[in-house]
Amino acid sequence: MEAQYWWIIGGVLFVLLNTAAGLIWLERRMLALWQDRYGPNRAGPFGILIVLADTLKLFFKEDWIPPFADKVVFVFAPAVVVASVLMAFAVVPFGPGIVVADMNIGVLFFLAMSSLGVYSIVLGGWASNNKYALLGAMRGASQMISYEVFMGLALMGPVILSGTFNLSGIVEAQRGMWYIFPQLLGFVIFFIAGIAETHRLPFDIPEAESELVAGFHSEYSGMKFGMFFIGEYLGITLISSMIVTLYFGGWLGPAFLPGVIWFVLKTFVFIMVFILLRASMPRPRYDQLMEYGWKVLFPLSLLNLLGTAAVKLFIDK
Amino acid sequence: MGTAFYIAAAVAVLSTIMVITRYNIMHALLYFNVSMLSVAVVFYLYGAPFMAALELIVYAGAIMVLIIFFVMMLNLGSQTAGEERSWMTPGVWIGPSVLCLVLLAELVYLMVQPADTGAEIKVVDPKEVGKSLFGPYMLAVELAGMLLMAGIVGAYHLGRQKKKIVHRFLENSPS
Amino acid sequence: MFSLLRSMWLVFLHMFHKRETYQYPEEKAPLPARWRGRIALTRDPDGGERCVGCYLCAAACPVDCISLQAAEAPDGRRYPGFFRINFSRCIFCGFCEEACPTYAIQLLPDFEMAEYDRQNLVYEKEDLLINSQGKYPGYNYYRVAGMAIAGKDKGEARHEEPPVNVRSLLP
């Protein structure tokens, strides 16, 4: 039992970090494919060794801490993003029994960790002591706090339907029907909020390289920037796997493949959707984003919650 | 269980001490966060996982972020920390500390008294929290809801502004 | 909402489009004939240097990357004593080509001049001078200008009448 447990932790960490690194390559290749280009194709077969080259480059770049920065917080901030996302992965069930911590409050733990992720942006932006970084941090903080609300409300749909906060329980409860069908609205809201939470491209307002240089991580270089970078890809993987767990039946699937494979395949599809979004969407203005969140998604998610609860009560009676 | 509790409690106490002794307000807030995280761990260990998660989501994840958000915009530099240092004379902090020590002594006295309740941990799951919130504490929940509603309406009223035209080219464009 | 989904779908369809990339070192991109690339000094049909060292190119250059020194050969032809272009400053605007009265300085369709050492980007006259007439074959400045050089006196240029003797009264 003990040994198996450590194997799971090690395996999850290994797979996740490699996935995040591989996603850097994958995203560049896929973006190139969708924009009629090739992307990195020189180093190794299909350019996959570009990952190695990127990593080496990040390691050997000068790890500069600006003299005007708040040093402790500056160093601390990039670690938060990776740590919080990896912590959140602890509750994701990758397959039957393959989960690091099968908590009875898995959904809440995921929400808590994603809300702690805000700190990396806020602290990174503040500690850089730079106008653009501060602007990025402000945008990031308000965007992520707002979208967390809808994310939490949308998450309550599957929780109501399955009657448990445990993610494995939620997956098991989807044996009859995936929750995408009764919870289509919730899925859409969760997906949009997930993009905003990971500040991926349509909603990458905290970074907004065309207005804010690089937003909250303007002053970061070397592996500290690499942490933000990896954290973003880990975030994509996290949101994709949560979507799969909550709405697409997790590891459930036809029996000719083991559950883990199904989980990975489904997650991969959503990672692809994330990349496709980056390839096709323009960035909304900051106030448009907030207005869209509070005036459209918020009422919709409340309605979704109300409707789900009412239907559930009606059926149970 | 015991070791984890003592570690978490020690972290909570230490970080709280750090909160009140920091001159830089941002560092103080960060230590406050650590203190809240360790309190969440204590909650989790003693059978209130729901409370622990809410502590993380609401306090650490939302309220503290908002406070940091405001502090961030105040642009407090090193000279503010210096001012803070000059205000913190022994005469200021000795009074509260003595009172706190008295409280601590009382707490220790109560703790060393023979315990009259069983030490076993009863896990409070979300269902029970929900039942008690919408059962015996219905009135409090409703009152809190009213208060929040008033806050939202007030915020909307304060945030409402006349339509500003930024540029003459935008005069006829919607919004 | 629908338009967003539609644009996502359209971008997705680009998966099956042909890629636009030229795989550069193996596959060269076709350059137009008027491409403004490396600067060269061209020659006359008879092999002499076209440049007469008038300094107009150096004056026209917005980044001051051209420096030269005029000199005069014993046969009366003017030529640049040295002609130096610092390609690490050059912006390939083509103003020098436009300013040149003798079509000597020309921009070629060639851009592959990367170097590891910045000093190697300073081209001297022997690097710049090419054994070609460039874009204006057959043009020979001294054959159309009134300037006297060895083997061609005043009035012997093309479309030129013999000089009028101003001291004579005869028509």
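## Concerning the overall build of chain C
Okay, so step 1: Check the secondary structure of chain C and you find five helices and five strands.
Okay, so step 2: Start at the N end of chain C and walk to the C end: the helices and strands fall as α-β-α-β-β-α-β-β-α-α.
Okay, so step 3: Taking 2.2 N^0.38 as the reference for a compact globule, 171 residues should give roughly 16 Å; the C-alpha atoms of chain C span a radius of gyration of 24 Å, well beyond that estimate.
Okay, so step 4: Dimensions of chain C along its principal axes, counting C-alpha atoms only, are 95 × 45 × 30 Å.

## As for the overall build of chain B
Okay, so step 1: If you tally the helices and strands in chain B, you get seven helices and zero strands.
Okay, so step 2: Listed by position from the N terminus, the elements making up chain B come as α-α-α-α-α-α-α.
Okay, so step 3: Looking at chain B residue by residue over its 175 residues, the buried ones come to 16%.
Okay, so step 4: Considering only intrachain contacts with a sequence separation of at least 6, the fraction spanning at least 24 residues in chain B is 58%.

## Side note on the interface of chain C and chain A
Okay, so step 1: On the side of chain A, 11 residues touch chain C, which itself brings 11 residues to the contact.
Okay, so step 2: Looking at the side of chain C that touches chain A, its residues break down into five nonpolar, four polar and two charged.

## Some words on the interface of chain A and chain B
Okay, so step 1: In this complex, chain A contributes 20 residues to the contact, which on the side of chain B involves 16 residues.
Okay, so step 2: Of all elements in the fold, only helix 4 (106–128) and helix 5 (131–162) of chain A reach the threshold of two or more residues within the side of chain A that touches chain B.
Okay, so step 3: Top element by residues in the side of chain A that touches chain B is helix 4 of chain A. It accounts for 10 residues.

## Notes on the packing of helix 5 of chain A against helix 11 (residues 286–316) of chain A
Residue and element names in this part refer to chain A.
Okay, so step 1: Where helix 5 meets helix 11, the axes come as close as 9 Å, and the angle between the chain directions of the two elements is 15 degrees. On the basis of their axis angle, the class for helix 5 and helix 11 is roughly parallel. As helix 5 packs across helix 11, the resulting crossing turns out to be left-handed.
Okay, so step 2: Of the residues that constitute the contact of helix 5 with helix 11, the class distribution is 17 nonpolar, eight polar and two charged.

## Details of the pairing of strand 2 (residues 66–72) of chain C
Residue and element names in this part refer to chain C.
Okay, so step 1: Alignment of strand 2 against strand 3 (residues 78–86), held across seven bridges, turns out to be antiparallel. Following the sheet pairing, A70 is matched in strand 3 by P80.
Okay, so step 2: Counting the residues in the hairpin turn of strand 2 and strand 3 gives five residues, including G76, whose phi is positive at 95 degrees.

## Focus: the arrangement of the chains
Okay, so step 1: Summarising the chain contacts, two pairs of chains touch, and the pair with the most contacts is chains A and B.
Okay, so step 2: Separated without contact, chain B and chain C have their nearest C-alpha atoms at a distance of 19 Å.

## Describing helix 2 (residues 25–45) of chain B
Okay, so step 1: Helix length check: helix 2 of chain B, at 21 residues, gives a terminal C-alpha distance of 30 Å against a target of 30 Å (1.5 Å per residue), a fit within 8%.
Okay, so step 2: With its phi angle positive at about 80 degrees, G47 of chain B sits one or two positions after the end of helix 2 of chain B.

## Remarks on the sheet that holds strand 2 of chain C
All names here are of chain C.
Okay, so step 1: Here three strands make up an open sheet; going across it, the order is 2-3-5 and the pairing antiparallel. In the strand order of this sheet, the two ends are held by strand 2 and strand 5 (122–123), each with one partner.
Okay, so step 2: One ladder, built from two bridges, connects strand 3 with strand 5; its direction is antiparallel. Within strand 5, the position partnered with N86 by the bridge is V122.

## Observations concerning the nonpolar core
Okay, so step 1: Ranked by size, the top nonpolar core spans 118 residues in total, and within it V122, A137 and I243 of chain A together with A53 of chain B carry the most contacts.
Okay, so step 2: Those residues within four positions of A137 of chain A in sequence are excluded, and the remaining contacts are I121, V122, G124, G125, W126 and F216 of chain A together with M72 of chain B.
Okay, so step 3: C65, F83, I85 and L128 of chain C belong to the second-largest nonpolar core, a separate cluster that totals 20 residues.

## Side note on the packing of helix 1 (residues 2–21) of chain B against helix 2 of chain B
All names here are of chain B.
Okay, so step 1: Between helix 1 and helix 2, whose axes approach to 8 Å, the crossing angle comes to 155 degrees. Comparing their axes, helix 2 and helix 1 come out roughly antiparallel. Our pair here, helix 1 against helix 2, has a crossing hand that is left-handed. Here A4, F5, A8, A9, V11, A12, S15, T16, M18 and V19 of helix 1 lie close against helix 2, whose contacting residues are A28, Y31, F32, V34, S35, S38, V39, V41, V42 and L45.

## Here we look at the confidence of the model for chain C
Okay, so step 1: The predicted model of chain C has a mean per-residue pLDDT of 86, with 100% of residues at 70 or higher.
Okay, so step 2: The complex prediction reports pTM at 0.77, with the ipTM value standing at 0.74.

Reading the values: the criteria
- Residues numbered from 1 in each chain as written.
- Chains lettered and ligands numbered in written order.
- Predicted model: local features only at pLDDT ≥ 70, side-chain atom pairs only at ≥ 80, totals over all residues.
- Helix = DSSP H or I, 4+ residues; strand = E, 2+ residues; numbered from the N terminus.
- Rg over C-alpha atoms; globule rule 2.2 N^0.38 Å.
- Buried ≥ 20, exposed ≤ 12 C-beta atoms within 10 Å, placed from the backbone.
- Contact = placed C-beta atoms within 7 Å.
- Nonpolar A, V, L, I, M, F, W, Y, C, P; charged D, E, K, R; others polar.
- Axes fitted to C-alpha atoms, helices over the stretch in contact; angles between N-to-C directions.
- Parallel < 35°, antiparallel > 145°, perpendicular 65-115°, else oblique.
- Left-handed = near helix turned anticlockwise from the far one by under 90°.
- Pairing = 2+ DSSP bridges.
- Expected span 1.5 Å × (residues − 1).
- Core = buried A, V, L, I, M, F, W, Y, C linked by C-beta atoms within 7 Å.
- pLDDT = per-residue confidence, 0-100.

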